[in-house]
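Take a look at the letters that make up each chain.
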Amino acid sequence: MGGVNEIGSNKAVSVATTPPISAPHSQFHSPSLSRSPLLASDDHIQPANKTPRISTPRFVTPLGSPIRRALQLTRLDPHDAWLPITESRNGNAYYAAFHTLCSGIGIQALVLPVAFTILGWTWGIITLTLAFIWQLYTLYLLVQLHESTETGMRYSRYMQLCSATFGEKLAKWLALFPIMYLSGGTCVALIIIGGQTCKMFFDVICGGTCTAQPPTIVEWFLIFTSAAVLLSQLPNLNSIAGVSLIGAITAFGYCTLIWVVSVIEGRTEGVSYNPVRGSTEVTRIFDVFNTFGIVSFAFRGHNLILEIQATMPSDEKHPSSVSMWKGVKIAYALVAMCLFPLAIGGYWAYGQRIPENGGMLTALFVFHGKDTSQFILGLTSLFVIINALSSFQIYGMPTFDDMESVYVKKKKKALPWWFRAILRAMFGYGCFFVAVAIPFLASLAGLVGGIALPVTLAYPCFMWLKVKKPKAFTPIWCLNWVLGLLGMALSGVLVAAGIYVIIDTGVEVSFFDPR
């Protein structure tokens, strides 16, 4: 292991000198670098002009002890101490649950009943259940792959693990675009949804009594974006744990409010549960596959799991995977309590009449806007806005990390606060420009779900096989191969189905004309 050499059984352990890298003194003993963080680099953070030596007597630390092995496995990346994902490693299972829940529940869940209009009751429930179990299994694989006690590596970013497994060139072809969309594209969608919901909230509060001229939809986009950019100035992923908690509470709140109100109000007049059938056999087949894309899109968030786990301390006695998996189990128990009642209750209430654009949120206002308390409608809208603002922070963090890493790796020092503020504002208002230019992006859920599906359901299986190397033809070997190949095949079919459905049914394209 580079940087740690064992010199005899009764001799000291020394750390070899490396070119000094300037770093703030507080980082050398910062809690963010405590408990052997197992970072992935051969470099070590050291104060300039000093060569640390660790003298460990044999009678205090016998050969093979956890402390000795932890020293042998530790490799510190000096850049990670200055990047927003890994700057602070003081997270815990509760922080992990907050982040996971905030990223795991979102507006995409509100269109799940749309999938039921094609699949019907039986296949809709079966598809949703299998997708939930499948993505929970692959999420478990990613948690276990985050760190390796054999190599001392800690893969703090999805792309980093993908590159280490498949090679840098192949990883860019396979995962770069889906990950970029799941970060930047999601932020664009959140601006669209957040801006539209701001308008709905204003209409509910105003109630037609306001004399002032209401903002246009573009101005609502701008207002939402400005709030998101202001909130994005929080420095790192751990610092937004409170924001993620608020986002998780509001997501759970509006999902529950929507399905409860829909069920209490009862089934709408003329509701039908007969699956929608296309005019031709080919159309019907592609419609079914497109709904699979909608379901898979509801389970996005895997691209953030490694980043969330990177905020947690780890050593041989207390690996981060234990606390992370505890947080994930808490989060996904609540996710299930939201998604299943939302999909089943929404389909029961609206059947084939569920709006394709906006799903349950639109249905609530269209069918119950007059007979439901304005307080409930306003509270639901407010929860959606707050959740969108919170989700923007966690989905934008990987992009913030990428932008700041360019400066950090070149200058070998932390990014100045004013430069960080400029970069994050540029990202936020760049997303605003795309949201105004392509306001129909949210209508492509099926297509986007197919493109992003391998990140969630396929790549973790292949990465597990490559890293863990299970014995051929064992049950775990067969399971991962089947799921990985099935995920890739399903992704290809879903992309084709999404394109076909868009061509066949059409999408209301309105560049620079949000409505």
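Presented here is a report on the structure given in the accompanying data block. Computed from a predicted structure; not experimentally measured.

1. Let's talk about helix α6 (residues 168-206)
- Along its 39 residues, α6 runs 54 Å from first to last C-alpha, staying within 8% of the 57 Å computed at 1.5 Å per residue.
- A175 marks where α6 bends most, by close to 50°; the proline P178 follows one to four residues later.
- Just downstream of α6, G207 is the residue with a positive phi angle, here 60°.

2. Some details on the packing of aromatic side chains
- Per the counting criterion, the structure on display carries 21 aromatic pairs.
- With 5.8 Å between their ring centres and 75° between their planes, F132 and F340 make a pair best called edge-to-face. Pair noted here: F132 is in helix α4 (residues 112-145) and F340 is in helix α11 (residues 320-350), with a separation of 208 residues, a long-range link. An identical accessibility class is assigned to F132 and F340; each is buried.
- Ring pairs connect the aromatic residues F116, W121, Y273 and Y347, which therefore count as one cluster.

3. Points about the pattern of salt bridges
- Counting across every chain of the model gives six salt bridges.
- Across the pair R157 and D80 runs a salt bridge whose closest N-O atoms are separated by 3.6 Å. Of the two residues, R157 sits in the loop between α4 and α5 (158-166) while D80 sits in the loop between α2 (66-73) and α3 (93-104), which places them 77 residues apart along the sequence.
- For the salt bridge of D401 with R157, the shortest nitrogen-to-oxygen distance reads 2.6 Å. One end of the pair, D401, is in helix α13 (residues 374-411); the other, R157, is in the loop between α4 and α5, and 244 residues separate them in sequence.
- We classify R157 as buried; its relative accessible area is 13%.
- Here the salt bridges do not stand alone but share partners, grouping D80, R89, R157 and D401 into one network.

4. A few points about a nonpolar patch on the surface
- On the surface, W417, W418, I422 and M426 cluster together into a nonpolar patch covering about 520 Å² of accessible area.
- Tracing the sequence through the fold places W417 in helix α14 (residues 417-437).
- You can call W417 exposed: its relative accessible area is 64%.

5. Focus on α5
- Residues of α5 that are buried: Y158, L161, C162 and T165. Looking straight down α5, one finds that the buried residues subtend no more than 100° of arc, so they occupy a single side.
- Count one or two residues on from α5 and you reach G167, which has phi positive near 95°.

6. Some points on the side chain of N303
- Its location among the elements puts N303 in the loop between α9 (281-297) and α10 (305-309).
- We classify N303 as buried; its relative accessible area is 2%.
- Residues contacting N303, with those up to four places away along its chain left out, are Y158, I179, L182, S183, Y395 and V455.

Parameters at a glance
Residues numbered from 1 in each chain as written. Predicted model: local features only at pLDDT ≥ 70, side-chain atom pairs only at ≥ 80, totals over all residues. Heavy atoms only, no water. Helix = DSSP H or I, 4+ residues; strand = E, 2+ residues; numbered from the N terminus. Expected span 1.5 Å × (residues − 1). Bend = angle between axes of the 7 residues up to and from the residue. Phe/Tyr/Trp six-rings, centres within 6.5 Å; stacked < 30°, edge-to-face > 60°. Buried < 20%, exposed > 50% of the residue type's maximum accessible area, 1.4 Å probe, protein only. Salt bridge = Lys/Arg side-chain N within 4 Å of Asp/Glu carboxyl O. Patch = residues over 30% accessible without salt bridge, like charges linked within 9 Å, V, L, I, M, F, W, Y side chains within 5 Å. Areas by Shrake-Rupley, 256 points an atom, 1.4 Å probe, with all protein chains shown as cover. Arc of directions from axis to C-beta. Contact = heavy atoms within 4.5 Å.

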